[in-house]
Amino acid sequence: MKYVIIGSSAAGINGAKELRRLDNECEILLISKDKEIYSRCILHHYLAGERNMKELSFAEPDFAEKFGIQWMKGRTCVGLDRREKTVILDHGEKVSYDKLLIASGAHTYLPPVPHLDEAVNVCGFRNIEDMERLKEAAETAKEILVMGAGLVGLDCAAGFLALGVKVTLIETAQWLLSRQLDETSAKTYEKAFEEAGVRQYYGAGIREVVLNDRKEITRVILTDGKELGCDYLVVTAGVRPNIDFLEGSGIETGPFGLLYDETGKTNDDSVYGAGDVSGTSPIWPAAVKEGIIAASNMAGKARNMTDFFASKATMNFLGIPTMSLGNVNPREGEALEEIRTFASGHGNQHGEGKKGYKKIVHKNGRIIGAVLQEDLAYGGILQQLIARKIDITKVKKPVFDIDYSDFFHMDENFEYYYED
């Protein structure tokens, strides 16, 4: 059996390992534009100079040799012929497969802002090439703007802060990390970033960029009319899946990206997908899980993704640990919210104590979301309560005090089980 994998990030690498674990005799060919294996989640450490290329890697130094994988580095897929079961590479080379895993990831999306696509001093925050450009920009740029205040945007800001470079965050939502946090927990981060010297603009996007004769952005005009000077612009406002090479192949795609079922299979029994290429769950743990599940099914061992709780995010910006689970911003009247605040015991440089924050959102007796800030110890229990849709009305104690013993039981073999 010959397996071909497109992409060497979380989904592709973990998929390759799983294939080798399940099939010691198969041929595995990895094709990737990247020439190194690195975690995109910690690229800001590379920008900040806190990690080198080796320290970004999440695989063994001898990964290809250890797992018996042929790796075609620095190559781009430009087409797919399902009838011949071949992947078409740059320069016209064709590679055959018995089964194919598409884990080609995504790329930075440049929104349709007038003149943005002409600018030379703009890039994303997606790969090593971006980091090298931003390191160079940080040496001279005095006004660096970051479009987007999601997880990647804050990573970018943190990386520049470590270099002593001040940045400005611009976000169309009303607060940062609007997908992960509620307004209260977001304000804690906003205050911390403000104290660190980061300018922040919320509820406004970039309407236009103004270029000089050298096609350099010199200022941006926001949707609320404000104008900001700009030496360099980093776009972190979104990504688009790398699926252009599938055009005309008959492999089904949707409005967000590649379509595949809970086993990873596309509309072609020989073609599977995993990771950011779906455009639906752009987080590292989801990509890892999807890569493993797809590979397992490719190798004939049936598994699916229904047991995976994907809507989880953990972060620790400026020394403030936070975890987000599920839906933390329900529509008004849709669910009940319970909140608990506490003194964390930590203090800042002014001797002021930090405030801890916990919020649990539940509906019809089931927890659907939660935010934990400063103290994340309850996160494991909450994940189980949400993922298993456990009815908390059966537990006669405050929701913040529920523990594993309230819904897990031990049988005579000392094994834990859950009984609804």
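Computed from a prediction, not measured in an experiment: that's the story for all the values here.

Residue-level account of the side chain of Asp268, with values.
Take Asp268: it is sitting in the loop between strand E17 (239-241) and strand E18 (271-273). Engagement of the side chain of Asp268 in a polar contact is seen with the side chain of Arg82, the distance being 2.8 Å. Within the local environment of Asp268, its side chain forms a polar contact with the backbone nitrogen of Ser270, the two atoms lying 2.8 Å apart. In contact with Asp268, not counting residues within four places along its chain, are Arg82 and Ile251.

Tell me about the packing of helix H1 (residues 10-22) against helix H8 (residues 284-298), residues and numbers included.
Interhelical geometry of H1 versus H8 gives an angle of 35 degrees and a closest axis separation of 7 Å. Crossing geometry of H1 relative to H8 is assigned as right-handed. Contacts between H1 and H8 involve Ala10, Ala11, Asn14, Gly15, Glu18, Leu19 and Leu22 on the former and, on the latter, Trp284, Ala287, Val288, Gly291, Ile292, Ala295, Ser296 and Met298. Grouping the amino acids of the contact of H1 with H8 by side-chain chemistry returns 10 nonpolar, four polar and one charged.

Requested: an account of the pattern of salt bridges, with residues and values cited.
Between side chains of opposite charge, a pair can form when the charged atoms approach closely. The tally for this structure, following the rule as stated, stands at 23 salt bridges. Notably, a salt bridge pairs Glu60 with Lys66, separated by 3.5 Å at the nearest N-O pair. A residue is classified by how much of its surface remains accessible, and Glu60, at 24% relative accessible area, is partly exposed. Residue Lys265 pairs with Asp269 through a salt bridge whose shortest N-O separation is 3.2 Å. You can call Lys265 partly exposed: its relative accessible area is 25%.

Criteria and thresholds
Residues numbered from 1 in each chain as written. Predicted model: local features only at pLDDT ≥ 70, side-chain atom pairs only at ≥ 80, totals over all residues. Heavy atoms only, no water. Helix = DSSP H or I, 4+ residues; strand = E, 2+ residues; numbered from the N terminus. Polar contact = N/O pair within 3.5 Å; in protein donor to acceptor, adjacent residues only side chain to side chain. Contact = heavy atoms within 4.5 Å. Axes fitted to C-alpha atoms, helices over the stretch in contact; angles between N-to-C directions. Left-handed = near helix turned anticlockwise from the far one by under 90°. Nonpolar A, V, L, I, M, F, W, Y, C, P; charged D, E, K, R; others polar. Salt bridge = Lys/Arg side-chain N within 4 Å of Asp/Glu carboxyl O. Buried < 20%, exposed > 50% of the residue type's maximum accessible area, 1.4 Å probe, protein only.

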